[in-house]
Amino acid sequence: MIYATAKDYLAAPQKRVMLFGMSGLGKTYLSNMLRDAGGWFHYSVDYRIGTRYMNEFIADNFKREAMKVPLLRELLLSDSVYIASNITFDNLAPLSTYLGKPGDLARGGVAFAEYQRRQAQHAQAEVSAMLDTPRFIDRAETIYGYQHFICDTSGSICEVVSPELADDPVMTALSQNLLLVWIKGSDAHKAELARRFDRAPKPMYYNPDFLRDLWAEFTATTPADQVDPDAFLRFGYARLLDHRQPRYAAMARWGVTVTAEEVAAVRNPADFDNLIGLAIDRGPAPF
């Protein structure tokens, strides 16, 4: 780890931290709080994915839809209108909409083969965005003058790295430049995340093998072209949580762990620093 003790971290002139874990447990809450308090550069991996690596895919998809409307088709062909996504830290809807949900096209679904293609694009984009992190650490300091750096990762980071391998290129690059912090949820958090997801299923990235198995299980009783996209996502969400938990735990061996309950008690940067110091002194799980 880049900080051997809590004392080292608290005394560091440049604090560099990466948060990872399931969406909904506090990564973005902490990142926004630190950014708003000043002194911390907020690197949102999802924002980087959507604006740098997936932006053209997203815009082209909008254009395909617009070309189906005669008026918009005419305006596009004459370069009279400009279509682009407007992704922000707080609104990643264009990226989610592009990823889509597999199933019945009449219910807003995407054909499974196309869905897999978009998933593969996202995986490549996420790896690239993570490998950009060291460069953004340098940019944050040398261009913008930020002392500290917080990396707010996607919930799917555990699907695109192999933390069990000591030479995994993404984990190596990250651990050499940041303190990796897992926000670990309890069974109660898992149940609450599932309830929240059930109310509003959202597009997700899945490990390709996991996705194929999940799709095969669901379509064993429902023809693929009749799948309710939201029903499929609900069907797989609890399984996804179980699938990701050991992958996050493997990543945590490269850093430290805090609990979602501890995160919920953080109110300001001083609270955050104290929590990170406590986690460092507790130490990482052994390999």
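These numbers come from a predicted model, not from an experiment.

*Asks:* Before we move on, could you go through the side chain of Asp273 and cite the residues and values that matter?
*Replies:* One can find Asp273 in helix H14 (residues 269-282). A polar contact of 2.7 Å, which involves the side chain of Asp273, links it to the side chain of Tyr9. What Asp273 contacts, discounting residues up to four positions off in sequence, is Tyr9, Leu10, Lys15 and Trp40.

*Asks:* Outline the pairing of strand S3 (residues 148-152), listing residues and values.
*Replies:* For S3, the tally of buried residues reaches five of five residues, placing the bulk of the element in the interior. Burial along S3 is two-sided: His148, Ile150 and Asp152 and Phe149 and Cys151, pointing in opposite directions, are all buried. The pairing of strand S1 (residues 16-20) with S3 spans four bridges and is classified as parallel. By the bridge assignment for S3, Arg16 is matched with Phe149. Two strands pair when backbone bridges link them, and strand S2 (residues 40-44) and S3 are joined in this way by five bridges, in the parallel orientation. If you follow Tyr43 over to S3, its bridge partner there is Cys151.

Cut-off values and rules
All residue numbers refer to positions counted from 1 along the written sequence of the respective chain. Totals for whole chains, interfaces and linings use every residue, but because this is a predicted model, local features are given only for residues with pLDDT of at least 70 and side-chain atom pairs only at 80 or more, for both listing and counting. Each side-chain value is worked out from all heavy atoms of the structure, with water and hydrogens disregarded. Helix and strand labels come from DSSP, where a helix needs a run of H or I of at least four residues and a strand needs a run of E of at least two; each type is numbered from the N terminus. Distance and chemistry together define a polar contact, namely a pair of N or O atoms within 3.5 Å, with one atom able to donate a hydrogen and the other to accept it when in protein, and with adjacent residues in sequence counting only for side-chain atoms on both sides. Whether two residues are in contact is decided by their heavy atoms, any of which lying within 4.5 Å being enough. For each residue, the accessible area found with a 1.4 Å probe, counting protein chains only, is set against the maximum for its type, and the residue is called buried under 20%, exposed over 50%, and partly exposed in between. Strand pairing is assigned whenever DSSP identifies at least 2 bridges connecting the two strands.

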